[in-house]
Amino acid sequence: MMGVRNRVPVKQGASPSGGLGVVAVTVAGPLLGVALSRLVGVLPSTLGPLSRLTAGVVLYGLGLVVAAVGYLALTGRLEVLAGGSTDSRRVRLAVVVTAGLVAAWVATVGALTVLGVPFAGNALTSLAERGVRASLLLLAALSVLVIAPSEELLYRGAVQASLYDLTSRRGAVLLASVPFALAHVPTLYADTAAPSAVGLSLVGVFGLSLVFGWLHARTDDLLVPTVVHGTYNAAVFCLLYLLAT
């Protein structure tokens, strides 16, 4: 998956652009992703909904990757893109954390459903809500191949790793999780207009980001949160496919 493994030394020294550069790439990534995803509108009308969904996800992810790689090149951190050998301890860590997150999702959704507490869905699942169940399986694949690698490259590889030079690792995890969560607001609001439901789902996204950030801070390896992120998303989409009627 894009060779996104890295070993980031602690406190390499401040990046050339400092905190302003981190803010800039945090804003530029999603904006570029949204701008590129709008190109789906100029595609031939003969393309089916699944093809348009794929194109939209890929183009948005491309925007995140371009912003992240550009920033990493300017700040001399392209080693984030380097590969590395497999560590069995990290594999076990990824498996355990992914299983825990999926179990937590099942328990949380089940509890909220029983209690009748509304929570926001996701604009990406709108096709499934209109009866195109296959879109959920497509999203499971895109999660592993596009969504997780592009998001982790930007928010952990570019943003969080740079923040290690400016604050503590705990602070970097918290700070990087804020824009990660906020970037999901448009997709949550596209599915529901209820602020309380969006807020509840946003808390969940922020919590997930904290886990992904903790994995990166613990291992200095971008591949670990990328695998956990992608596998977790894919598992959730597959579960939604099985539950869909």
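Higher on the page you've got the structure.
In this text, all values refer to a predicted model and were calculated from it rather than measured experimentally.

## Looking at the side chain of E152
Here E152 is to be found in helix α5 (residues 134–163). A relative accessible area of 0% means that E152 is categorised as buried. Polar side-chain contacts of E152 include one of 2.7 Å to the side chain of H229. For E152, the contacting residues outside a window of four places in its chain are G157, F180, F212, L222, P225, T226 and H229.

## Points about the nonpolar core
As a rule of thumb, nonpolar side chains are buried together in soluble globular proteins. If you look at the biggest cluster of nonpolar residues, it comprises 38 residues, and the most contacted ones within it are L101, L153, L154, V228 and Y232. Only α1 (18–37), α2 (49–74), α3 (88–115), α5, α6 (169–182), α8 (195–219) and α9 (223–243) provide two or more residues apiece to this core. Counting residues per element, this core draws most heavily on α5, which supplies 7 residues. Those residues within four positions of V228 in sequence are excluded, and the remaining contacts are A94, V97, T98, L101, F212 and L215. A128, L139, A234 and F237 belong to the second largest nonpolar core, which has 12 residues in total.

## Remarks on a nonpolar patch on the surface
On the surface, a cluster of nonpolar side chains totalling about 340 Å² of accessible area is made up of L115, V117, F119 and L200. Mapped onto the fold, L200 is located in helix α8.

## Quick word on the packing of aromatic side chains
If you walk through the whole model with that rule in mind, you get 2 aromatic pairs. Aromatic side chains Y155 and F180 sit 5.4 Å apart centroid to centroid with 85 degrees between the ring planes, which places their arrangement in the edge-to-face category. On the criterion of sequence distance, the pair formed by Y155 in helix α5 and F180 in helix α6 is long-range, its members being 25 residues apart. For the pair formed by Y155 and F180, the shared burial category is buried. Ring-pair connections join several aromatic residues into one group, and the members of that group are Y155, F180 and F212. In this structure, R169 is placed above the aromatic ring of Y164, and the distance from its NZ or CZ to the ring centre is 4.0 Å.

Cut-offs applied
- Residues numbered from 1 in each chain as written.
- Predicted model: local features only at pLDDT ≥ 70, side-chain atom pairs only at ≥ 80, totals over all residues.
- Heavy atoms only, no water.
- Helix = DSSP H or I, 4+ residues; strand = E, 2+ residues; numbered from the N terminus.
- Buried < 20%, exposed > 50% of the residue type's maximum accessible area, 1.4 Å probe, protein only.
- Polar contact = N/O pair within 3.5 Å; in protein donor to acceptor, adjacent residues only side chain to side chain.
- Contact = heavy atoms within 4.5 Å.
- Core = buried A, V, L, I, M, F, W, Y, C linked by side-chain atoms within 4.5 Å.
- Patch = residues over 30% accessible without salt bridge, like charges linked within 9 Å, V, L, I, M, F, W, Y side chains within 5 Å.
- Areas by Shrake-Rupley, 256 points an atom, 1.4 Å probe, with all protein chains shown as cover.
- Salt bridge = Lys/Arg side-chain N within 4 Å of Asp/Glu carboxyl O.
- Phe/Tyr/Trp six-rings, centres within 6.5 Å; stacked < 30°, edge-to-face > 60°.
- Lys NZ or Arg CZ within 6 Å of the ring centre and 35° of its normal.

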